[in-house]
Amino acid sequence: MTANRWTLGRVSRLALLAFGALLFLAPYVFMLSTAGKAQSEIFTSALSLIPTNFYYVANFTKALTRVPMGTLLWNGVLVCGLIFFFQVLIAIPCAYAMAKLKFRAARLMMVLVMLGLLVPIHATALPLYVGFNSLSLLNSYTALVAPFSISVFAIFMFLQFFRSMPDDLIHAARLDGMSELGIVARVIVPNAWPAVTAFSIFSVVAHWNDLYWPLVVITRQDYATPPLGLMYFRAAEAGDDYGALMAATMIITLPLVAAFLLAQKRFVEGITMTGLKG
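Residues numbered from 1 in each chain as written. Predicted model: local features only at pLDDT ≥ 70, side-chain atom pairs only at ≥ 80, totals over all residues. Heavy atoms only, no water.

## Some thoughts on the layout of surface pockets
Next, step 1: Volume-wise, the largest pocket comes out at about 640 Å³.
Next, step 2: If you trace the largest pocket, you find 22 residues lining it, with Val119, Ile121, Phe148, Ile150 and His207 closest to the centre.
Next, step 3: Looking at the lining of the largest pocket, the elements that each hand over two or more residues are helix H6 (121-134), helix H8 (152-163) and helix H11 (193-208). (1 Å grid on protein atoms, 1.4 Å probe; cavity = no way out; pocket = protein on both sides within 12 Å on 5 of 7 lines; lining within 4 Å. Points joined across faces, edges and corners; volume = space filled by probe spheres on them. Helix = DSSP H or I, 4+ residues; strand = E, 2+ residues; numbered from the N terminus.)

Quick look at the structure:
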C-alpha cells in the first residue's frame with residue numbers, strides 16, 4: 001500500500017513537472033514551427049505545428065543574409081563577456097570586504113547595496129545618455145558596457161555566499177602572510193565558482209536580451225546587439241516576413257539555451273548554496 005502511494009505521488013510530481021516544462025517550452029516550439037513555414041501558411045485558420053512544406057532553408061538563409069548576423073552575435077558575446085568580467089572583478093572584492101572585514105561603514109554600505117537594487121536603468125538613462133554624448137562615446141562598446149560594470153545584485157549575491165565561508169580559513173591565510181588581495185585571489189575566488197557560475201547566467205541572459213539601453217545609445221549596425229539587430233531585420237523585411245523573423249530569433253536565442261544547458265549543474269548548485277548560506 002505504501003509502495004503504491006509513493007508510486008502515485010511520484011507519477012503526480014512527474015506529470016506536474018512535465019506540464020510545467022511543456023508550458024514554458026510552448027513559445028519555443030511555436031517559434032521553431034513558424035520558422036519552417038511559408039508566409040501564406042502562417043496565417044491560415046488551421047493551426048498546425050508541423051509545416052506542410054518545409055521552408056527552414058529559405059527562412060534561415062534570409063535571417064543570415066538580410067542583416068549581418070555574425071556581427072550581431074559577436075557584439076552580443078563581446079558586450080556580455082565584458083560586462084560579466086567587470087561585474088565579477090568589482091563585486092567579489094566588495095562583497096568580501098563587507099562580509100569578512102570589520103569597519104564602521106559596513107552596515108551603511110549594505111543599506112546602499114539594498115537601495116541600489118531598487119534603481120532601474122530607466123531612472124538613470126537620461127543623465128547617462130547626456131554624459132556619453134558629451135564625451136562622444138555614443139555608438140561604442142564603452143556606452144554599452146560601462147553603465148553595467150558595477151552590479152549591486154552581484155555584490156548582494158556574493159555577500160550572501162561569502163558570509164558562510166569559515167573565518168578560520170581566512171585567518172589561516174593571514175597567518176601564512178597573505179595580503180587581503182592575495183586572500184581574495186587565492187582563497188575566495190577558487191571557492192566562489194558556484195556563485196560566479198550562477199550569477200553568470202543571470203548577467204548574460206539579462207544583457208543578451210536587453211533592448212532598451214542599446215536602443216538608446218546605438219544607431220549603427222556595427223555596434224548593434226542581437227535584440228537590436230532583430231529590429232533592423234524586421235525593418236528590412238517590412239515587418240511581415242514572420243517565418244524569417246522567427247528563424248532569426250531562433251539563431252539569437254540558441255546561444256543562451258546552449259549556455260544554460262552547459263552550466264545547468266553549476267547554476268543549480270550555486271543558487272542552492274547561496275540560498276542556504278544567506
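## Topic: the environment of methionine 246
Next, step 1: Its location among the elements puts methionine 246 in helix H14 (residues 242-277).
Next, step 2: In the structure, methionine 246 is positioned 16 residues away from leucine 230 in sequence and 9.8 Å away in space, judged by C-alpha atoms.
Next, step 3: Residues within four places of methionine 246 in sequence aside, it is in contact with Met31, Thr34 and Ala35. (Contact = heavy atoms within 4.5 Å.)

## A closer look at a nonpolar patch on the surface
Next, step 1: Among the surface-exposed residues, Leu108, Val111, Leu112, Met114, Leu115, Leu117, Leu118, Phe153 and Phe202 lie close enough to one another that they form a single nonpolar patch of about 830 Å² accessible area.
Next, step 2: Of all the elements, helix H5 (residues 106-116) adds the most residues to the nonpolar patch, at 5 residues.
Next, step 3: If you trace the backbone, leucine 112 turns up in helix H5. (Patch = residues over 30% accessible without salt bridge, like charges linked within 9 Å, V, L, I, M, F, W, Y side chains within 5 Å. Areas by Shrake-Rupley, 256 points an atom, 1.4 Å probe, with all protein chains shown as cover. Salt bridge = Lys/Arg side-chain N within 4 Å of Asp/Glu carboxyl O.)

## A closer look at unusual backbone geometry
Next, step 1: Phi at serine 136 takes a positive value of approximately 60°, unusual for a residue other than glycine.
Next, step 2: By the secondary structure assignment, serine 136 is in the loop between H6 and helix H7 (141-145).
Next, step 3: Despite not being glycine, asparagine 139 shows a phi value in the positive range, around 55°.
Next, step 4: Along the chain, asparagine 139 falls in the loop between H6 and H7.
Next, step 5: Residue asparagine 139 is classed as buried on the basis of its relative accessible area of 18%. (Buried < 20%, exposed > 50% of the residue type's maximum accessible area, 1.4 Å probe, protein only.)

## Some words on the pattern of salt bridges
Next, step 1: Within this structure, the stated rule accounts for 3 salt bridges.
Next, step 2: The salt bridge involving aspartate 222 is made with arginine 220; its shortest N-O contact spans 3.0 Å.
Next, step 3: Owing to a relative accessible area of 45%, aspartate 222 belongs among the partly exposed residues under this scheme.

## Regarding empty space enclosed by the protein
Next, step 1: Counted by the stated rule, this structure contains 1 cavity of 30 Å³ or more.
Next, step 2: If you add up the space inside the largest cavity, you get close to 60 Å³.
Next, step 3: Val79, Ile83, Leu144, Phe148, His207, Asp210, Trp213, Pro214 and Thr225 together form the lining of the largest cavity.
Next, step 4: Elements with a minimum of two residues in the lining of the largest cavity: helix H4 (69-100) and helix H12 (212-217).

## As for the packing of aromatic side chains
Next, step 1: Here the structure, examined in full by the defined rule, presents 11 aromatic pairs.
Next, step 2: With a centroid separation of 5.6 Å and 75° between ring planes, the pair formed by phenylalanine 153 and phenylalanine 202 is classed as edge-to-face. Here phenylalanine 153, found in helix H8, pairs with phenylalanine 202, found in helix H11; they are 49 residues apart in sequence, far enough to count as distant.
Next, step 3: The class for phenylalanine 153 is partly exposed, based on a relative accessible area of 34%.
Next, step 4: Phenylalanine 202 gets classed as partly exposed once you look at its relative accessible area, which sits at 37%.
Next, step 5: Put simply, the rings of Phe84, Phe153, Phe158, Phe161, Phe162, Phe199 and Phe202 touch in pairs and so form one group of aromatic residues. (Phe/Tyr/Trp six-rings, centres within 6.5 Å; stacked < 30°, edge-to-face > 60°.)

## Some thoughts on the packing of H4 against H11
Next, step 1: H11 packs onto H4 with a crossing angle of 135° between their chain directions and a minimal axis gap of 9 Å. Between H4 and H11, the angle is such that the two are oblique. The two elements H4 and H11 cross, and the hand of that crossing is right-handed. Between H4 and H11, the contacting residues are Leu73, Gly76, Val77, Cys80, Ile83, Phe84, Gln87, Val88 and Ile92 on the first element and Val196, Phe199, Ser200, Ser203, Val204, His207 and Trp208 on the second.
Next, step 2: A class-by-class count of the residues in the contact of H4 with H11 yields 11 nonpolar, 5 polar and no charged. (Axes fitted to C-alpha atoms, helices over the stretch in contact; angles between N-to-C directions. Parallel < 35°, antiparallel > 145°, perpendicular 65-115°, else oblique. Left-handed = near helix turned anticlockwise from the far one by under 90°. Nonpolar A, V, L, I, M, F, W, Y, C, P; charged D, E, K, R; others polar.)

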